[in-house]
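The primary structure of each chain is shown beneath.
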Amino acid sequence: MTAELIDGKAFAAGLRARVAAQVPTFQAAASRAPGLAVVLVGEDPASAVYVRSKGKQTREAGMESFEHRLPADTGQDDLLALVEQLNADPAVDGILVQLPLPRHIDEQEVLLRISPDKDVDGFHPVNAGRLATGMEGFVPCTPLGCLMLLQDRLGDLSGLDAVVIGRSNIVGKPMAALLTQASCTVTVAHSRTRDLASHVARADIVVAAVGRANFVQGDWIKPGATVIDVGINRVEGKLVGDVDFASAMRVAGAVTPVPGGVGPMTIACLLRNTLVAAHRNAGVPLAGDVLAGIDRPERT
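Cut-offs applied
Residues numbered from 1 in each chain as written. Predicted model: local features only at pLDDT ≥ 70, side-chain atom pairs only at ≥ 80, totals over all residues. Heavy atoms only, no water. Helix = DSSP H or I, 4+ residues; strand = E, 2+ residues; numbered from the N terminus. Rg over C-alpha atoms; globule rule 2.2 N^0.38 Å. Buried < 20%, exposed > 50% of the residue type's maximum accessible area, 1.4 Å probe, protein only. Areas by Shrake-Rupley, 256 points an atom, 1.4 Å probe, with all protein chains shown as cover. Lys, Arg positive; Asp, Glu negative; His and termini not counted. Charge placed at Lys NZ, Arg CZ, Asp CG, Glu CD. 1 Å grid on protein atoms, 1.4 Å probe; cavity = no way out; pocket = protein on both sides within 12 Å on 5 of 7 lines; lining within 4 Å. Points joined across faces, edges and corners; volume = space filled by probe spheres on them. Nonpolar A, V, L, I, M, F, W, Y, C, P; charged D, E, K, R; others polar. Domains from an automatic or database assignment. Pairing = 2+ DSSP bridges. Right-handed = clockwise from strand over helix to strand, strands pointing away. Expected span 1.5 Å × (residues − 1). Bend = angle between axes of the 7 residues up to and from the residue. UniProt positions renumbered as here; feature names shortened; annotations may be inferred. Salt bridge = Lys/Arg side-chain N within 4 Å of Asp/Glu carboxyl O.

K.L.:
Now, about the overall build of the protein: what can you tell me, with residues and values included?
P.N.:
Scanning the protein for helices and strands turns up 11 helices and 11 strands. A globule of 300 residues ought to have a C-alpha radius of gyration of about 19 Å, and the protein, at 19 Å, matches this closely. Within the protein, buried positions represent 51% of all 300 residues. Accessible surface computed for the protein: about 13,000 Å², of which carbon and sulfur atoms make up 52%. Charged side chains of the protein number 28 positive and 33 negative; the gap between the two group centres comes to 3 Å.

K.L.:
Requested: an account of the layout of surface pockets, with residues and values cited.
P.N.:
Of the voids in this model, the largest pocket is the one considered here, and its volume is about 1,200 Å³. Around the largest pocket sit 42 residues that line it, and Tyr-50, Thr-142, Ile-232, Gly-263 and Thr-266 are the ones nearest its centre. Where the lining of the largest pocket is concerned, the elements lending two or more residues are α2 (45–60), β4 (94–97), α6 (141–154), β9 (233–235) and α10 (263–282). Here the residues of the lining of the largest pocket sort into 26 nonpolar, 10 polar and six charged. Among the domains, domain 1 (30–120) and domain 2 (141–262) are the pair contributing at least three residues each to the lining of the largest pocket. The space that makes up the second largest pocket amounts to roughly 340 Å³. Taken together, 18 residues line the second largest pocket, and the ones lying closest to its centre are Gly-122, Phe-123, Ala-128, Asn-169 and Ile-170.

K.L.:
Help me get a handle on the domain arrangement of the protein, residues and values and all.
P.N.:
Entries for the protein in the domain assignment read domain 1 (30–120) and domain 2 (141–262). For domain 1 versus domain 2, the distance between C-alpha centres works out to 29 Å.

K.L.:
Before we move on, could you go through the pairing of strand β3 (residues 64–70) and cite the residues and values that matter?
P.N.:
In the sheet, strand β2 (residues 35–41) pairs with β3 via seven bridges, with the strands oriented parallel. Residue Gly-35 lies in a different strand from β3, and its bridge partner there is Glu-64. What joins β2 to β3 is α2, and the crossover it makes is right-handed.

K.L.:
Requested: an account of helix α1 (residues 8–30), with residues and values cited.
P.N.:
The terminal C-alpha atoms of α1 lie 32 Å apart, and with 23 residues this matches the ideal 33 Å at 1.5 Å per residue to within 8%. Val-23 marks where α1 bends most, by close to 25°; the proline Pro-24 follows one to four residues later. Listing the buried residues of α1 in full gives Gly-8, Phe-11, Ala-12, Leu-15, Val-19, Gln-22, Val-23 and Phe-26. Backbone geometry just after α1 places Ser-31 at a positive phi near 60°.

K.L.:
Could you give me a rundown of the UniProt feature "domain: Tetrahydrofolate dehydrogenase/cyclohydrolase catalytic" (unreviewed entry) in the protein, with the residues and numbers involved?
P.N.:
The feature "domain: Tetrahydrofolate dehydrogenase/cyclohydrolase catalytic" (unreviewed entry), as given by UniProt, occupies residues 6–121 in the numbering adopted here. Secondary structure across residues 6–121 divides into 51% helix and 16% strand, with the first and last C-alpha atoms of the span separated by 24 Å.

K.L.:
Residue-level account of the pattern of salt bridges, with values.
P.N.:
Evaluation of the coordinates by the stated rule reveals 10 salt bridges. Note that Glu-136 and Arg-280 form a salt bridge whose closest N and O atoms lie 3.8 Å from each other. A residue pair is termed long-range when its members are at least 10 positions apart, and Glu-136 in the loop between α5 (125–132) and α6 and Arg-280 in helix α10 qualify at 144 residues. Asp-204 is the partner of Lys-222 in a salt bridge, and the nearest nitrogen-oxygen pair spans 2.8 Å. In this pair, Lys-222 is assigned in the loop between β7 (205–208) and β8 (226–229) and Asp-204 in the loop between α8 (196–201) and β7, connecting sequence segments 18 residues apart. We classify Lys-222 as partly exposed; its relative accessible area is 28%.

Here's what the structure looks like:
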C-alpha cells in the first residue's frame, strides 16, 4: 500500500485565489483594500524570510501590506505603542507580531495588547476562549489549514477517531477544539503519553505537532489513516516532519509531505483570516456562498 500525498501547496494556492477573488468586491463596498500589518523585531533570518513571503502573498492577493521592521534593541514600551497605533488604524484589519521576539520583550504581554478583532493569528486568549466555547472568532492559521486539508480529503469528519500529538496553544489545543467541533472523537497526546503507539493505532486521523523529527513511526499508524504532519525539523540540512515519512507512506491512506504539506496553508489561512477581519471591521457582509467554506470553517 502506498499512501496518497496531500498537496498542501496546491490547496493553499487555490485558497489564496479564492481570497483574492473577493478583494475587489470588498474594496468596492468599503472603498479600501483589506490591510495586514506585520511587525518584525530584530533580524532573525528565518523570521525575515517568512515576513517577506507574507508581504509578497498579501500584495498578490490585492491587499495592503504594512511591514514594520524594528531593531533588535527596541524597547517593550515602544513595541506596545506601535501595537496600539495599529489597533487604532482603520486601514489595518489584521495585526501579526512575528515570533520569537527578543528575550527582553514579554511575548505574552505583546500578544495580549493586540485587539482580538485584529488578531488574525488567533493567539489572543479571547479568541482562544471563543474557539473553546464554539463562538465566532479567529482560529490559529496552522490548525485551521490542517482542518481544511482534512475536510478536503475526507469530507464529513463526524464520528472519526482523531489523535492530536502535541498540546501547544498554537497548534495542539486549537486543533483538538476544531476536530471536536467537527464531531470527531479526539485524544490529545504528547511526548509523555504512555504507550502512545496504541493511541495512534486506533486513529482515523493523526495530527503530529510534537516538534520531534521522525517521531511517529509507520507501524504505529492504522492502515488507511490520514496523517497530517505539522512538524518542521532540520536534520542533516534537510527539512523533515514529526512523522517518519517513508514508513508512514507504506501504511497510511494519505500523508502530508514536509515541506509542501501544512506549511503553505499557514500563510493562505492568514490571508483568509485577514479578509474575514476586514469584512467584520468594515461592517461588510461576508459573501458566504462565494467564499464556499472559508468564511466560517470552524463551524463545520
